[in-house]
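# Structure assessment
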Amino acid sequence: MIFAVLIPLLFACFVPIISKIKHKVHTGFFVFVIPFMIFLYFIRFVGTGFSPIRDTYNWIPSLGINFDFYLDGLSLLFVLLISGIGTLVVLYSVYYLDTSERLGQFYVYLLMFMTAMLGVVLSDNVFVLYVFWELTSISSFLLIGYWHFNERSRYGALKSMLITIFGGLSMFAGFILLTVITGTTSIQGMIEQKDIILDSTYLPLALGFILLGAFTKSAQFPFHIWLPDAMEAPTPVSAYLHSATMVKAGLFLVARFSPVFSGYEWFFIVVSSFGIVTLCWGSYMAVRQTDLKAILAFSTISQLGMIMAMLGFGTKVAVFAAVFHILNHATFKGSLFMVAGIIDHETGTRDIRKLGGLISFMPITATLALLGTFSMAGVPLPFLNGFYSKELFFESTLNLNEGMNGVTNFLVQIVPYLAVFGSIFTFVYSVYFFFGVFTGKKNLDKLPKKPHEAPVGMLLSPIVLVLGVITIGLFPNLVNGSFLAHAAQSVNHAFEYKNIQFWHGFTTPLLMSLIVVGIGVILYLTRTKWDAVYRLLPGNWSFNKVYNVILQTIDTYSNKVTNAYMNGSVRTYMAIILGTTFIVTLVFLLVTDGVTINYDNLADITILEISVVLIITIAALGTIFSNNKLAAILILGVVGYGVAILFVIYRAPDLALTQLVIETVTVALFLLCFYHLPQLRKRTESIRTKSINASVAIGFGALMSLIAISAHSSNWFDTISDYFLETALSIGGGTNVVNVILVDMRGLDTLFEITVLGIAALAIYSLIKLKKNEEAD
Amino acid sequence: MEIIISILAGILIATGVYNLLQKQLLRIVIGTGLLSHGAHLFILTMGKLKRGQPPVLEDNITNYTDPLPQALILTSIVISFGVTSLILVLAYRTANENKTDNMEQLRGNENE
Amino acid sequence: MSNLVILPIIIPLIAGIIAVFLNKKVVITRGLTKIFIIANLAIVSYMTWIVFNSGSIILETGSWVAPYGIILVADPLSIVLVLTTNIVAAACAFYAPYSLSLKKEQHYFYAFYFFLISGVSGAFLTGDLFNLFVFFEVLLMASYALIVLGGDKVQLRESIKYVLINLFSSILFVTVVAFLYGVVGTVNMAQIAERVQEVEQKGVLTAIGILLFFVFGTKAALFPLYYWMPKSYIVPNPVISALFGALLTKVGIYSILRVFTLIFIHEINLTHEMFIWIAGLSMVFGIIGALSTNNIKLIVAYNVIPAIGFIIMGIGIFNQDAISGSVYYLIHDMIIKSALFLIVGVIAYVAGTSDLRKMSGLMHHYPLLGWLLFVSAFVLAGIPPFSGFIGKLLLLKGALTDEKIAIVIIALLTSLLILYSIMKIFIRGFWGEKNTTMELGKRSMKGFIGPIVFLLTFSVVLGIGAEYIYPSIDTISAYLLDPEQYIDSVLKE
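From a predicted model like this one, the values you see are computed outputs, not experimental measurements. (Residues numbered from 1 in each chain as written. Chains lettered and ligands numbered in written order. Predicted model: local features only at pLDDT ≥ 70, side-chain atom pairs only at ≥ 80, totals over all residues.)

## What about the overall build of chain B?
Selection rule: Counting from the N terminus, the helices are DSSP H or I runs at least four residues long and the strands are E runs at least two residues long. Distance between backbone-placed C-beta atoms decides contact: two residues are in contact if it is within 7 Å.
For chain B, the count of helices and strands is three helices and zero strands. Along chain B, from the amino end to the carboxyl end, the secondary structure elements read α-α-α. Viewed in the frame of its principal axes, chain B has a C-alpha envelope of about 65 × 25 × 20 Å. For chain B, contacts bridging at least 24 residues in sequence account for 52% of all contacts bridging at least 6.

Structure, rendered in structure tokens:
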């Protein structure tokens, strides 16, 4: 199985070479073979006797991350969709994309996506699933941005990436949480331990994280906003990724985890309500669109919402209807996207206001569109598959289980009404799509191109899909027992096979369908009168705005915030660093009870020392108040010499000597360097700045003194120096212990201390020599 | 006496910090000088003051001051010297090149 | 055998000294540089092999026994970091001749480069706190020299801030070492650890630890101590930025990792809890910084901060997974950060500007460069299957095991925004119409790409080949969480 998953990716490596060598033949013909082979490989599993297959390859076993492929009914459904629709889409793209485009890149992305999507639906390992999941986001990003010279494409690509990767990361957190709870990385393993998960306090969090991933990917309200903008991708991509496969990854995820969460009431509440709201909002928004692909995008959103809602219901009927509709939606929506692509290709526009009366020019396309739209609308005709799943959907809304929670019961009450409400709009835009384009006035002068029927090759793929619509419509049980039932069973383990029938007698679901058709027709006829409603809702409140505002806010505020403190002033930097260090350390010092003062065993105080200390203190303060640069430098020298005297008093002759020499040289250097610089000016800061400076300085100094006093008051151990005193002569061979330490015991320090000095000298030399920046880099 | 020297070192640190927070380059560099003096005094204090003779071994003396802090200070003094000389030249070059010795005028702006 | 430990410090030192004397003969210096760094890389690889197979290598310099002399310790953590340092350094050595002008090369670039490596390796390998200070000074001094190399106005202006702040933190460092010596009477890290443990980190010790944290935090560019970093990292040549981004802040974070897994581990509820807060704030403010600018170099420089945040987050959580995550992330970040600095260096070079607003359509001329940037964006954000992913997985797992939910959410949002900040460069700079105002396609990328690909290969291998890496990292983590191992191996008890 791993081969089947990875073969598109492997083949993708050769695509650039093929597209370079074979200029005359469309690269698509070579690519076509790949999904077709995968389809053939998997179609053999279809059958009533199917049972799940598992196939494991190690990747990072020490982290529990392995290619653990698990083919059950649900994955089989998706795998066939991915490879089947994939085959048709590649075929279609051969005619859609001209050889002058960068075909190599296009097919590399498409194949990359195929691998990713197959990986998502086949992985039993949550982390591998996540790896493939992000790969779908990345390839989708690249495909949307395929025509990246378009501003809209770039916008759409970024938007889809940010939203789906955001969801992906959240899902990742959810997976880690589940792994931490159950100790396994296998989804099937988690299902076995569902009791532990349901008992865990992290259940809501894990559920929330995972659903966020699913909702963003499957364009659920309010994360649906990326999907309409994703329509900037070439139409084959929209048909494939943004209608048939990738957007269903979220549904797949929810279906996959249904067995884990299905006993949890909030799972029902959240998933069904998001689903049903998305259904209504999507179909409502679709009606007002004028771009054919935008209509289809919102329609996809709404259909995804419907399936999501059914997965949320989780009853046997609902789950079956969901998997059934996943298949049906792929067929009719795939064909409709291709139809939209054909219209765009042959007339040069997708604006429904400019189109009309095309039926006489493109009779085949019109037929395909008719079947596709009517199936989507759920028109009760026995050869349209859309009707079956739509009716099952209505049926499922009527048989929801009451729960313990008030919210649940409320939902159970209103869901049937919302379902009808959303479906009415579905009917309206479906009808509008067909009649608006193919009937009515011909506006040939408004069209950029003179319309004519598409080439056979381009029609081939939508014809196959529409044939699928009709075949499933006529013989629904053909797909039922052989694999839909298996799929439903892997979502709801209690599911049992049942025959699908067209005529159930005059039932409530049928009544609902009829209401939809009835009101739908009225609304369609009067649709121009409804503009006022749209101005009211969403009006200015679209979630697109929210997204744009968020990005803008990030841009402007990040700039403002950063510039507010990163102002380039070294004083600000130092003040913040010192202030933080001071406050935090002080807090820690107090909290841990660190202040200790021990008056025992201190050296005695002599007048000599006190006077030196006073001199140093006065000199140090003098540097602050002096306004003469020469004086300030000399006063600094006084401090240095004072310290040297202290070294003498405290029996450090070597130190005193070094200090004297170095101090002298330093003062000389100071004078040398600052001879040319301006005189010290009076400090002109405000009182506020001054007091901040002063309090930071005093606070910090006091803190250091306090810690120093506490440190030598907590003298709990002998120092290692005793060893040095003992061995300096015997091992080190010298009587001056400090010197022995420097050159022997800590010789490494001294070696690198000299290195530092050497580097400093070299740096100064090159600083002086290399004066001007004589290059552009 | 250790306490007094600790406080003195604290004062040196405080004055150093205060100078560091000024605008003029010279003051800032003077500040760093004060800071290193403070640090050295701290190291010295940590080795206990005046506990015996200078650590130059002689017969019949058993009590010496702690030699290790002295060794550390020596290393530190030399390193400070290196850094101070570098910063002096750097300050000189910066002030010359940018025509100002006021750090507040050396903020720079965004997007360079 | 144990003398091996000194080699990664001494070889660059010798190479640096040779480079000083050969400064005018640039061609020879370049050749020698490559030979030396590859030889060093080979030796370090060999040492890594030894350390993981037969345990830490410990050298008592001058044969002065621990804890009295200076001890060099090549334990699993330090040797892996020295190895990574040399990988990054090798890439930079091959990039440098194309990026630097002859003048800069002649003005001791290679010497400073080697001194920097010597200092960094020394800092990783030393087992002595005061010696760590000395190596810090070596690497800082080399970095001062590198940052001003060229000496134009902007460079000087930012360098002086950089030098001042680092100088301050160095002075604080040496003072804190003294304080610690005052309490425990030693500067050997193993013995400090042993003695701190003996008194259960009581009294003033925790406060001293926190001061030490701030010293290292300033070098590591943690919130709120990172102000010096972003702008000073972008003023020198890209190859120098790459070295800085990969090595300097990482030495700081290494020191925190070392000190707060070895010495100050007895008040975890206080100290390490604070690290998590700081981690979160570093992520937030770092990424805000990265989003605030249109300067591509600055975007990368700001991205150093959230990465450090991720690493400190693992230290704060302080369990096996989290520490593994930190170490993994540390290695990953050293490599990818230098790669990114090199990439934006090339972009700025070919585009003639580092202002994103003036770029567009670079993809038409430099597709390879575009794809390298694209991949590194995902590597940096921790999107699978690259190196950042494994580190992030471990960190988040560690955090969730310890019920630290808030930091997980911050970390995830930060990852997203990191991706956005780099993707901005890709979308605005590489996509779009050809820009006619730029003189594109004229500058060749010859020589630049090799080193970048070399580094990215490691990123990919660290991700996809995690099975070969992770067990070693796990060993390091277990080793860090059991400080007795370090103490025993150094003090031979």
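There's more to say after this.
## Details of the overall build of chain A
Definition in use: C-alpha atoms define the radius of gyration, and 2.2 Å times the number of residues to the power 0.38 defines the globule rule. Burial is judged by counting other C-beta atoms within 10 Å of a residue's own C-beta: 20 or more means buried, 12 or fewer means exposed, and anything between counts as partly exposed, with every C-beta placed from the backbone.
A count of helices and strands for chain A gives 31 helices and two strands. Taking 2.2 N^0.38 as the reference for a compact globule, 777 residues should give roughly 28 Å; the C-alpha atoms of chain A span a radius of gyration of 38 Å, well beyond that estimate. Its C-alpha atoms put chain A at 115 × 60 × 55 Å along the principal axes. Looking at chain A as a whole, 55% of its 777 residues qualify as buried. Partitioning the intrachain contacts of chain A with sequence separation of at least 6 by distance along the chain shows that 78% fall at a separation of at least 24.

## Things to note about the interface of chain C and chain A
Using the following cut-off: Classification convention: Asp, Glu, Lys, Arg as charged; Ala, Val, Leu, Ile, Met, Phe, Trp, Tyr, Cys, Pro as nonpolar; all other residues, Gly among them, as polar.
Contact with chain C, which involves 90 residues of that partner, is made by 84 residues of chain A. With 10 residues, the single largest contributor to the side of chain C that touches chain A is helix H5 (residues 129-147) of chain C. Looking at side-chain class alone, the side of chain C that touches chain A contains 58 nonpolar, 23 polar and nine charged residues.

## Remarks on the UniProt feature "domain: NADH-Ubiquinone oxidoreductase (complex I) chain 5 N-terminal" (unreviewed entry) in chain A
To keep it simple, the criterion reads: UniProt positions are given in the numbering used here, feature names are shortened, and annotations may be inferred rather than shown by experiment.
When the UniProt feature table is mapped to this numbering, "domain: NADH-Ubiquinone oxidoreductase (complex I) chain 5 N-terminal" (unreviewed entry) covers residues 60-107 of chain A. Secondary structure content for residues 60-107 of chain A is 60% helix and 17% strand, while the C-alpha to C-alpha distance between its ends is 30 Å.

## Comments concerning the interface of chain B and chain A
The accessible area lost on association of the parts is a frequent measure of interface size. At the interface, 73 residues of chain B touch 84 residues of chain A. Within the residue set of the side of chain B that touches chain A, elements represented by two or more residues are helix H1 (2-20), helix H2 (25-46) and helix H3 (67-98) of chain B. Here the side of chain B that touches chain A gets 23 residues from one element, more than from any other, and that element is H3(B). Tallied by class, residues from the side of chain B that touches chain A come to 45 nonpolar, 18 polar and 10 charged.

## Structural notes on the pairing of strand E1 (residues 53-60) of chain A
For clarity, the threshold we go by: Should DSSP find at least two bridges between two strands, the strands are regarded as paired.
Note: E1(A) against strand E2 (residues 65-71) of chain A, seven bridges, orientation antiparallel. Following the sheet pairing, A:Asn58 is matched in E2(A) by A:Asn66.

## What to know about the domain arrangement of chain A
Quick reminder of the rule: Throughout the structure description, domain borders are defined by an automatic or database domain assignment.
The domains assigned to chain A are domain 1 (1-168 + 219-254), domain 2 (268-525), domain 3 (601-684) and domain 4 (717-777). Spacing between the C-alpha centres of domain 1 of chain A and domain 3 of chain A amounts to 73 Å.

## Overview of the UniProt feature "transmembrane region" (unreviewed entry) in chain B
All names here are of chain B. What UniProt calls "transmembrane region" (unreviewed entry) maps, in this numbering, to residues 6-21, 28-47 and 67-92. Taken end to end, residues 6-21 is 94% helix and 0% strand, and its two terminal C-alpha atoms sit 23 Å from one another. Regarding residues 28-47, the helix share stands at 95% and the strand share at 0%, and the terminal C-alpha atoms are separated by 30 Å.

## With respect to the confidence of the model for chain B
Worth spelling out the cut-off: Every residue carries a pLDDT, the predictor's confidence in it, which falls somewhere between 0 and 100.
Per-chain confidence: chain B averages 85 in pLDDT, with 96% of residues scoring 70 or above. Confidence metrics for the complex model read pTM 0.93 and ipTM 0.94.

## A few points about the packing of helix H16 (residues 363-377) of chain A against helix H19 (residues 456-474) of chain A
All names here are of chain A. Stated formally: Note on geometry: axes are lines fitted to C-alpha atoms, helical ones only across the stretch in contact, with angles between N-to-C directions running from 0 to 180 degrees. For classification purposes, an angle smaller than 35 degrees is called roughly parallel, one larger than 145 roughly antiparallel, one from 65 to 115 roughly perpendicular, and anything else oblique. Each helix crossing is assigned a hand: it is left-handed if the near helix lies turned anticlockwise from the far helix by less than a right angle, otherwise right-handed if that turn is clockwise.
Packing of H16 against H19 brings their axes to within 10 Å, and their N-to-C directions diverge by 40°. Of the possible angle classes, the one that applies to H16 and H19 is oblique. Crossing angle aside, the handedness with which H16 passes H19 is left-handed. In this structure, H16 uses Ile364, Leu368, Leu371, Gly372 and Ser375 to contact H19, whose residues at the interface are Leu459, Pro462, Ile463, Val466, Val469 and Ile470.

## Examining the packing of helix H8 (residues 205-220) of chain C against helix H10 (residues 238-262) of chain C
Between two packed helices, both the angle of their axes relative to each other and the distance between the axes serve to describe the pair. All names here are of chain C. Put simply, H8 and H10 touch, their axes get as near as 7 Å, and they point 155° apart. Between H8 and H10, the angle is such that the two are roughly antiparallel. The two elements H8 and H10 meet at a crossing, and its hand is left-handed. Facing Leu212, Phe213, Phe216, Gly217, Lys219 and Ala220 of H8, the residues of H10 in contact are Leu248, Thr249, Val251, Gly252, Ile253, Ser255, Ile256 and Val259. Its residues assigned to classes, the contact of H8 with H10 comprises nine nonpolar, four polar and one charged.

## A few points about the UniProt feature "domain: NADH:quinone oxidoreductase/Mrp antiporter transmembrane" (unreviewed entry) in chain A
Under the present numbering, the feature "domain: NADH:quinone oxidoreductase/Mrp antiporter transmembrane" (unreviewed entry) in UniProt falls on residues 123-402 of chain A. The straight-line gap between the two end C-alpha atoms of residues 123-402 of chain A is 34 Å; of that span, 76% is helix and 0% is strand.

## Focus on unusual backbone geometry
Each neighbour pair has its own omega, and for A:Phe221 with A:Pro222 the value is 0°, a cis peptide bond. Within the fold, A:Pro222 resides in the loop between helix H9 (203-217) and helix H10 (226-230). C:Pro224 follows C:Phe223 through a cis peptide bond whose omega is -5°. Considering the arrangement of structural elements, one finds C:Pro224 in the loop between H8 and helix H9 (229-234). Phi at A:Asp593 takes a positive value of approximately 60°, unusual for a residue other than glycine. According to the C-beta neighbour criterion, A:Asp593 is exposed, with 12 such atoms within 10 Å. Phi at A:Arg651 takes a positive value of approximately 60°, unusual for a residue other than glycine. Among the structural elements, A:Arg651 can be located in the loop between helix H26 (629-649) and helix H27 (653-674). Given 21 C-beta atoms within 10 Å, A:Arg651 falls into the buried group.

## Considerations on the confidence of the model for chain A
All names here are of chain A. Mean pLDDT over chain A stands at 87; residues scoring 70 or higher make up 97%. Of all the helices and strands in chain A, helix H22 (residues 531-536) carries the lowest mean pLDDT, 69, while H9 carries the highest, 94. Note that residues 773-777 has pLDDT below 50 and, in this model, 11 contacts with residues that lie over four places away or in other chains.

## Here we look at the pairing of E2(A)
Residue and element names in this part refer to chain A. Of all the seven residues making up E2, seven are buried; the element is thus mostly covered by neighbouring parts of the structure. With burial as the criterion, each face of E2 is covered, one bearing Ile65, Phe67, Phe69 and Leu71 and the other bearing Asn66, Asp68 and Tyr70. The turn joining E1 and E2, which pair antiparallel and follow one another in sequence, is formed by four residues; a positive phi near 70° is taken by Gly64.

## Brief notes about the environment of C:Phe168
Here C:Phe168 lies in helix H6 (residues 153-184). What makes C:Phe168 buried here is the crowd of 22 C-beta atoms within 10 Å. Between the C-alpha atom of C:Phe168 and that of C:Val215, which follows or precedes it by 47 residues, the distance is 9.1 Å. Beyond its immediate stretch of four places on either side in the chain, C:Phe168 contacts B:Leu20 and B:Leu35.

## Examining helix H25 (residues 607-625) of chain A
Our working rule: The span one expects for a helix is its residue count, reduced by one, times 1.5 Å. Working definition: the arc comes from the directions between the helix axis and the C-beta atoms, pointing outward to the latter.
Here H25(A) is 19 residues long and its end C-alpha atoms lie 27 Å apart, about the 27 Å a rise of 1.5 Å per residue gives. When we look at burial in H25(A), the residues that qualify are A:Glu609, A:Val612, A:Val613, A:Ile616, A:Ala619, A:Ala620, A:Thr623 and A:Ile624. For H25(A), the arc enclosing every buried residue in end-on projection is 160°, short of the 170-degree limit, so these residues lie on one face. Residues A:Ile607, A:Ile610, A:Ser611, A:Leu614 and A:Phe625 are exposed on H25(A) and point more than 90 degrees away from its buried face. If you follow the buried residues of H25(A), they end up packed against H26 of chain A together with H1 and H2 of chain B.

## Some words on the environment of C:Ile464
Residue and element names in this part refer to chain C. Take Ile464: it is sitting in helix H17 (residues 449-464). Classification of Ile464 by C-beta neighbours within 10 Å gives partly exposed; the count is 18. When the C-alpha positions of Ile464 and Thr271 are compared, they lie 35 Å apart, and in sequence the two are 193 residues distant.

## Side note on H9(A)
Residues and elements named next belong to chain A. Given a rise of 1.5 Å per residue, 15 residues ought to cover 21 Å, and the 21 Å separating the end C-alpha atoms of H9 matches this to within 8%. Burial within H9 is extensive, with 12 of its 15 residues counted as buried. Where H9 is concerned, the buried positions are Leu203, Ala206, Leu207, Phe209, Ile210, Leu211, Leu212, Gly213, Ala214, Phe215, Thr216 and Lys217. For H9, the elements touching its buried residues are helix H6 (151-182), helix H8 (194-199), helix H12 (249-261) and helix H13 (265-287).

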